Amino acid sequence: MLTFAIVDDQAVVISALTTFIEQSEMGRVVYTNEHSHFARDDVVDVKPDIVLVDVAMPKVSGLDFTRQLVQVWSEARVIAISAYASPVYLRSMLSAGAMGYVLKDYISDELEKAVGSIIEGNQWVSPNLTV
């Protein structure tokens, strides 16, 4: 069973994602945090299979969080989750070390596909975006 960490500044998103992941039997959420500036070391300690990271967060953005996480844990498999269908955000997150980018509007349709692709070692980008 895959393990997940979720770092998003909205508790309602964390709750919805946790429910979705666990009810779909995709895996188990083992760590959540609404504060990206506190989460990096905890995520490294927990070492989940997949780390879902919101792109737009206060204090430490998803971009900075991902860059810092991958710097200290190169095996981290990060999927950016975002409300922004922005090629600039997409390219930035992939450059920072994210392996995937899923739009929040399509997460229920795309997350399982993204996770499968990333577990196989491939990048995954929402079909609604272009690199």
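Everything below is about the structure printed above this text.
For clarity, every value in this text was computed on a predicted model and none was experimentally measured.

### A short note on the packing of helix α3 (residues 62-72) against helix α4 (residues 87-96)
- Where α3 meets α4, the axes come as close as 8 Å, and the angle between the chain directions of the two elements is 15 degrees. Here α3 lies roughly parallel to α4, going by the angle between them. Handedness of the crossing formed by α3 with α4: right-handed. Here Gly-62, Leu-63, Thr-66, Arg-67 and Val-70 of α3 come into contact with α4, specifically with Ser-92, Met-93 and Ala-96.

### Topic: the environment of Glu-22
- Here Glu-22 shows up in helix α1 (residues 11-23).
- The sequence separation of Glu-22 and Val-78 amounts to 56 residues, and the corresponding C-alpha distance is 18 Å.
- Excluding its chain neighbours within four sequence positions, the residues that come into contact with Glu-22 are Gly-27, Arg-28 and Val-29.
- Of the polar contacts made by the side chain of Glu-22, one reaches the backbone nitrogen of Val-29; its length is 2.9 Å.

### Thoughts on unusual backbone geometry
- For Lys-47, which is not a glycine, the phi torsion comes out positive at approximately 50 degrees.
- Looking at the secondary structure, you find Lys-47 in the loop between α2 (36-46) and β3 (50-54).
- A relative accessible area of 45% places Lys-47 in the partly exposed class.

Calculation rules
- Residues numbered from 1 in each chain as written.
- Predicted model: local features only at pLDDT ≥ 70, side-chain atom pairs only at ≥ 80, totals over all residues.
- Heavy atoms only, no water.
- Axes fitted to C-alpha atoms, helices over the stretch in contact; angles between N-to-C directions.
- Helix = DSSP H or I, 4+ residues; strand = E, 2+ residues; numbered from the N terminus.
- Parallel < 35°, antiparallel > 145°, perpendicular 65-115°, else oblique.
- Left-handed = near helix turned anticlockwise from the far one by under 90°.
- Contact = heavy atoms within 4.5 Å.
- Polar contact = N/O pair within 3.5 Å; in protein donor to acceptor, adjacent residues only side chain to side chain.
- Buried < 20%, exposed > 50% of the residue type's maximum accessible area, 1.4 Å probe, protein only.

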